[in-house]
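Spelled out from the first residue to the last, the chains are:
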Amino acid sequence: MKNKVVITAALTGALANRNQCPYIPYTPEEIGLEAKLAVEAGASIVHIHARQDNGLPAYDVETYTRIHEEVRKHCPDVIINYSTGAIGIPNEERIHQIDALKPETAALNMGSMNYAIYSKEKKQFYHDFVFANPFKDIQFFMERMKAAGTRPEMECFDNGHINNSLPIIDMGMMEKPYIYSLVMGVLGGIAPTTQNLVHQVNTLPPDSVWQVIGIGRKQWALAAAALTLGGNFRVGLEDNFYLPEGEMAKSNGELVDAAVRLARMVGKEPASMAETRQILNIPRIS
């Protein structure tokens, strides 16, 4: 499957709001419809945070259950990936949707970091947090995912986070291939450059499969680099609002459509859901 690329759509995120982009879905119904548009355009995985109807983050199982039902109604075969990332939320609340719904994959954050947004125009910080993920928490989430039959997608916001995965692998808690997401462009993490991406890819252990997650408009340049390096990539309104030409996307489907066009420009084709399951060793479990 050398000419296949796995395209993930991150549908909504936790921080971006409709003041920034009016097309971000909030409700389970809206998220389900956005999943449909993304899948129809060529995505085989949807990454999902839960939202309250007013757009604030939600962490309760009931909201995740409604989202799960809506996504499955529109996309019965899509691979679902739920976030477990949160700041100031107890670990049990970060993982209980995985226990309840047993999605095929889930994000496993691989290290602690400063997490912020900085405005050059206003010379001030926004969302200035410490995102804490010590080894004991990583192991806790890994064990719960393993019990649920959920494949961990290791989210690495800096090069040291890749190194953090090695003890987990050494303990035999991770099945091959090891699934990495190289998140680039978050302030506090690694800068979104091609040189940094090449270095991170060269740092990955054998038997790894990876995608790049570019934050902001540099997403497209990183996606192009990933295609030439043999990797996969993620798009979606969680990470970036804009199409390659600079126009704001009106849906996740538009972003995935642009991703497919980019892939085909270098001779790649989007992997089907069945092909993605084979590439990532993900059985259908929910």
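Preceding block: the structure.
Residues numbered from 1 in each chain as written. Predicted model: local features only at pLDDT ≥ 70, side-chain atom pairs only at ≥ 80, totals over all residues. Heavy atoms only, no water.

Engineer: Explain the packing of helix α3 (residues 91-101) against helix α4 (residues 135-148) to me, and be specific about the residues and the numbers.
Structural biologist: Two elements in contact, α3 and α4, have axes whose closest approach is 9 Å; the angle formed by their N-to-C orientations is 15°. Accordingly, the angle class assigned to the pair α3 and α4 is roughly parallel. Of the two elements, α3 crosses α4, and the hand of that crossing is right-handed. Contacts between α3 and α4 involve N91, E92, R94, I95, I98 and D99 on the former and, on the latter, D137, F140, F141, R144, M145 and A148. Of the residues contributing to the contact of α3 with α4, the split by class is six nonpolar, one polar and five charged. (Axes fitted to C-alpha atoms, helices over the stretch in contact; angles between N-to-C directions. Helix = DSSP H or I, 4+ residues; strand = E, 2+ residues; numbered from the N terminus. Parallel < 35°, antiparallel > 145°, perpendicular 65-115°, else oblique. Left-handed = near helix turned anticlockwise from the far one by under 90°. Contact = heavy atoms within 4.5 Å. Nonpolar A, V, L, I, M, F, W, Y, C, P; charged D, E, K, R; others polar.)

Engineer: Describe in detail the side chain of N159, supporting the description with residues and values.
Structural biologist: Take N159: it is sitting in helix α5 (residues 159-170). Note on N159: relative accessible area 18%, which makes it buried. Beyond its immediate stretch of four places on either side in the chain, N159 contacts I190, H199, Q200 and T203. (Buried < 20%, exposed > 50% of the residue type's maximum accessible area, 1.4 Å probe, protein only.)

Engineer: Now, about the sheet that holds strand β2 (residues 7-10): what can you tell me, with residues and values included?
Structural biologist: Spatial strand order, β2-β3-β6-β7-β10-β11-β12-β13: eight strands in a closed barrel with parallel pairing. For this sheet the average axis-to-axis angle between neighbouring strands, irrespective of direction, equals 30°. Contacting β3 (45-48) and β6 (79-82), helix α2 (residues 61-74) crosses the sheet at an angle of about 160° to β6. (Pairing = 2+ DSSP bridges.)

Engineer: Explain empty space enclosed by the protein to me, and be specific about the residues and the numbers.
Structural biologist: This structure, assessed with the given rule, holds two cavities of 30 Å³ or more. Surrounding the largest cavity, 17 residues form its lining, T8, I45, I179, Q211 and L280 being those nearest its centre. At the level of elements, β3, β10 (151-156), β11 (178-184), β12 (208-214) and β13 (232-235) are the ones that each hand at least two residues to the lining of the largest cavity. In the lining of the largest cavity, the residues fall into seven nonpolar, seven polar and three charged. In terms of lining residues, the second largest cavity is bounded by A14, H49, A50, P57, A58, Y59, Y64, S83, T84, G85, R94 and Q97. (1 Å grid on protein atoms, 1.4 Å probe; cavity = no way out; pocket = protein on both sides within 12 Å on 5 of 7 lines; lining within 4 Å. Points joined across faces, edges and corners; volume = space filled by probe spheres on them.)

Engineer: Would you mind going over the nonpolar core in detail, with residue names and values included?
Structural biologist: Grouped together as the largest cluster of nonpolar side chains are 73 residues, with contacts concentrated most on V71, Y180, L182, W210 and F233. At seven residues, the largest contribution of residues to this core is made by helix α8 (residues 252-265). Setting aside chain neighbours within four positions, we find Y180 in contact with M154, C156, I162, S165, I169, L204, P205, S208, V209, W210 and Q211. Ranked by size, the runner-up nonpolar core spans eight residues in total, among them V6, I45, I179 and I282. (Core = buried A, V, L, I, M, F, W, Y, C linked by side-chain atoms within 4.5 Å.)

Engineer: Tell me about the environment of E247, and name the residues and values.
Structural biologist: Within the secondary structure, E247 is located in the loop between β13 and α8. We classify E247 as partly exposed; its relative accessible area is 46%. Once the C-alpha coordinates of E247 and A50 are considered, the two residues, 197 residues apart in sequence, prove to be 26 Å apart. Contact partners of E247, with chain neighbours within four places excluded, come to F241 and Y242. For E247, the side chain forms a polar contact with the side chain of K250, separated by 3.3 Å. (Polar contact = N/O pair within 3.5 Å; in protein donor to acceptor, adjacent residues only side chain to side chain.)

Engineer: Talk me through α2; I want residue IDs and the actual numbers.
Structural biologist: For α2, which comprises 14 residues, the first-to-last C-alpha distance of 20 Å matches the rise-based estimate of 20 Å (1.5 Å per residue) to within 8%. Buried within α2 are the following residues: T63, Y64, I67, H68, E70, V71 and R72. Packed against the buried residues of α2 are α1 (28-41), β3, β4 (50-51), β5 (57-58), β6 and α3. (Expected span 1.5 Å × (residues − 1).)

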